[in-house]
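Structural overview
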Number of protein chains: 2
Amino acid sequence: MGRWEPNARGRLERAALDLYGERGFEKTTVAEIAGRAGLTERTFFRHFADKREVLFGGSAMLQDMLTGAVADAPAAATPLDATAHALATIGAVFEGRREHSRQRQAVIDANAELRERELIKLAALASALASALRLRGVPDTAAALTAEAGIAVFKVAFEHWINETDERDLPQHIRESLDELKAVTAST
Amino acid sequence: MGRWEPNARGRLERAALDLYGERGFEKTTVAEIAGRAGLTERTFFRHFADKREVLFGGSAMLQDMLTGAVADAPAAATPLDATAHALATIGAVFEGRREHSRQRQAVIDANAELRERELIKLAALASALASALRLRGVPDTAAALTAEAGIAVFKVAFEHWINETDERDLPQHIRESLDELKAVTAST
């Protein structure tokens with residue numbers, strides 16, 4: 001087997017998700033993942049530090065995109081507008097990945113340690129988002145609340161998106177959840 | 001030493017927090033906590049399952065109060081009003097506990113595992129709050145978003161409360177954060 005493997009990362013990810021779904025995350029070994037993908041363990045470890053990273057390897061990129069989009073939002077954008085813009089940007093990354101996202105979520109939901117990891121990931125996203133808003137001059141409290149509310153919107157939208165079968169994409173679900181948030185907070 | 005120890009739980013909690021602060025959470029043993037409180041390990045284990053429970057033993061009560069207060073809110077209350085009412089109810093529990101809360105937070109902030117546990121506790125609170133809102137007939141999405149936003153408000157308010165030295169109590173900080181949330185979500 002040569003050192004160059006076309007789309008090795010994608011094949012490993014695919015094989016891992018299938019195996020995690022079939023046998024459970026704990027019972028799957030890296031050797032099995034590599035075997036299913038037709039690759040070596042050595043190749044696996046060139047792409048992922050461990051089998052958990054197959055599920056969470058995209059977090060840093062998501063976080064960078066999120067904070068980058070907040071920084072790029074027009075100077076006149078309100079904190080919530082900048083956040084909405086950033087969420088739409090990361091939402092677009094999931095285009096064509098609904099089935100993959102569903103499978104990943106099922107694996108996470110089935111494992112307490114992975115559910116905790118996912119919570120930590122979302123908390124880190126909220127914290128990075130708040131920092132990005134502060135860099136725009138948004139005061140502390142407003143930044144923290146906008147960020148937490150924004151991540152809540154993303155979480156709820158994501159859940160809807162993977163549980164529904166219609167054509168609405170993730171950015172559309174994000175817009176709807178954001179409108180819903182505005183409606184519930186305006187109701188008093 | 002008799003079996004009946006006046007305020008044993010409070011003394012153990014006090015001793016534990018002091019030791020966690022002095023030596024770090026990991027390095028403190030149950031024997032040391034009991035010794036500092038002038039009690040036996042046996043008494044410690046009558047009150048807490050382990051040294052982590054000293055920090056998180058109140059979670060179940062908080063969650064019960066939160067969901068109970070949502071259920072008790074007037075039928076006409078909007079989801080956000082019911083949530084505000086519930087947050088004020090749990091906020092009142094912290095009356096006179098600012099120094100304790102500060103000390104507890106410093107211990108948690110210093111330890112990655114405890115920070116994760118705290119995130120999980122807050123996520124469980126959000127989830128219980130959403131369920132309580134659904135029981136009032138609030139639709140799924142609105143319930144989830146109101147609950148997440150409500151817990152974000154609590155988190156931000158709590159942080160302000162422990163970091164400030166003025167006279168405003170936690171319920172007051174909660175009201176202010178809630179107003180701030182309304183302001184940021186109304187800004188678009």
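Analysis parameters
Each residue is numbered by its place in its chain's sequence as written, counting from 1. Chains carry letters and ligands carry numbers; both start at the beginning, A for chains and 1 for ligands, and go up in the order they are written. With pLDDT at 70 or above as the cut-off, local features in this predicted model cover only qualifying residues; side-chain atom pairs require 80 or more to be listed or tallied, and sums for whole chains, interfaces and linings still use all residues. In this description a helix means any DSSP run of H or I spanning at least four residues, a strand means any run of E spanning at least two, and both kinds are numbered starting from the N terminus. The exposure label follows from counting other C-beta atoms within 10 Å of a residue's C-beta, where the C-beta atoms are placed from the backbone and the thresholds are 20 or more for buried and 12 or fewer for exposed, leaving partly exposed in between. Think of it this way: build a C-beta for each residue from its backbone, and any pair within 7 Å is a contact. Where each domain starts and ends follows an automatic or database-derived domain assignment. Amino acids are sorted into nonpolar (Ala, Val, Leu, Ile, Met, Phe, Trp, Tyr, Cys and Pro), charged (Asp, Glu, Lys and Arg) and polar (every other residue, Gly among them). Given a helix with a known number of residues, its expected span is that number minus one, times 1.5 Å. Working convention: axes come from line fits to C-alpha atoms, limited for helices to the stretch in contact. Angles between N-to-C directions cover 0 to 180 degrees. Throughout, the term roughly parallel applies to angles under 35 degrees, roughly antiparallel to angles over 145, roughly perpendicular to angles from 65 to 115, and oblique to all others. With the far helix as reference, a near helix turned anticlockwise by less than a right angle produces a left-handed crossing, and one turned clockwise produces a right-handed crossing. We place the copies in one frame by least squares, fitting the C-alpha atoms of every residue whose pLDDT is at least 70 in both. Our arc is simply the arc of the directions from the helix axis toward the C-beta atoms.

1. Some words on the overall build of chain A
Along the backbone of chain A there are 10 helices and 0 strands. Across chain A, helices and strands are ordered from the amino to the carboxyl terminus as α-α-α-α-α-α-α-α-α-α. Its C-alpha atoms give chain A principal-axis dimensions of about 60 × 30 × 30 Å. Looking at chain A residue by residue over its 188 residues, the buried ones come to 38%. The contacts of chain A with a sequence gap of at least 6 include a subset with a gap of at least 24, amounting to 59%.

2. Looking at the domain arrangement of chain A
Residue and element names in this part refer to chain A. Each domain of chain A was delimited in the assignment, giving domain 1 (8-54) and domain 2 (58-186). Each of domain 1 and domain 2 was reduced to a C-alpha centroid, and the two centroids are 27 Å apart. Residue-level contacts link 6 residues of domain 1 with 9 residues of domain 2. Its residues assigned to classes, the side of domain 1 that touches domain 2 shows 3 nonpolar, 2 polar and 1 charged.

3. Section: helix 1 (residues 8-23) of chain B
Residues and elements named next belong to chain B. An ideal rise of 1.5 Å per residue puts 22 Å on 16 residues; helix 1 measures up with 22 Å between its terminal C-alpha atoms. At its buried positions, helix 1 is contacted by helix 2 (30-37), helix 3 (41-47), helix 4 (53-56) and helix 7 (98-109). Looking one or two residues past helix 1, Gly-24 carries a phi angle of roughly 95°, positive in sign.

4. Looking at the interface of chain B and chain A
Between chain B and chain A, the residue contacts involve 28 residues of the former and 28 residues of the latter. The set of elements that each furnish at least two residues to the side of chain B that touches chain A consists of helix 6 (79-93), helix 8 (112-135), helix 9 (140-163) and helix 10 (170-186) of chain B. When residues of the side of chain B that touches chain A are assigned to their parent elements, the largest contribution, 11 residues, is made by helix 9 of chain B. In terms of residue class, the side of chain B that touches chain A is made up of 15 nonpolar, 7 polar and 6 charged.

5. Thoughts on the packing of helix 9 (residues 140-163) of chain A against helix 9 of chain B
Close contact between helix 9 of chain A and helix 9 of chain B brings their axes to 9 Å; oriented N to C, the two are set at 150°. Classified by the angle their axes make, helix 9 of chain A and helix 9 of chain B are roughly antiparallel. For helix 9 of chain A against helix 9 of chain B, the interelement crossing comes out right-handed. Here helix 9 of chain A contributes Thr-141, Ala-144, Leu-145, Glu-148, Ala-149, Ala-152, Val-153, Lys-155 and Val-156 of chain A to the contact with helix 9 of chain B, which in turn contributes Thr-141, Ala-144, Leu-145, Glu-148, Ala-149, Ala-152, Val-153, Lys-155 and Val-156 of chain B.

6. Details of the relation of the copies chain B and chain A
Turning chain B through 180° and shifting it by 0.0 Å along the axis lays it on chain A, with an RMSD of 0.0 Å. With respect to symmetry, the two chain copies, as superposed, fit the operation of a two-fold axis. Taking C-alpha positions as the reference, the residue of chain B nearest the rotation axis is Ala-149 of chain B, at 2.7 Å. Both copies present the same face, since 100% of the interface residues in chain B are matched by interface residues at the equivalent positions in chain A.

7. Looking at the packing of helix 10 (residues 170-186) of chain A against helix 9 of chain B
At a minimum axis distance of 9 Å, the contact between helix 10 of chain A and helix 9 of chain B shows a crossing angle of 70°. Considering the angle they form, helix 10 of chain A stands roughly perpendicular to helix 9 of chain B. Considering how the two elements wind past one another, helix 10 of chain A and helix 9 of chain B form a crossing that is right-handed. The residues of helix 9 of chain B that touch helix 10 of chain A, namely those facing Ser-177, Glu-180, Leu-181, Val-184 and Thr-185 of chain A, are Thr-141, Ala-142, Leu-145, Thr-146 and Ala-149 of chain B. Class assignment for the residues of the contact of helix 10 of chain A with helix 9 of chain B results in 5 nonpolar, 4 polar and 1 charged.

8. Observations regarding helix 5 (residues 59-72) of chain A
Residue and element names in this part refer to chain A. Along its 14 residues, helix 5 runs 20 Å from first to last C-alpha, staying within 8% of the 20 Å computed at 1.5 Å per residue. Buried residues of helix 5: Leu-66, Ala-69 and Val-70, and no others. Viewed along the axis of helix 5, the buried residues span an arc of 100°, placing them on a single side of the element. In helix 5, the exposed positions angled more than 90 degrees off the buried face are occupied by Ala-60, Met-61, Asp-64 and Asp-72. Contacts from the buried residues of helix 5 go to helix 6 (79-93) and helix 8 (112-135).

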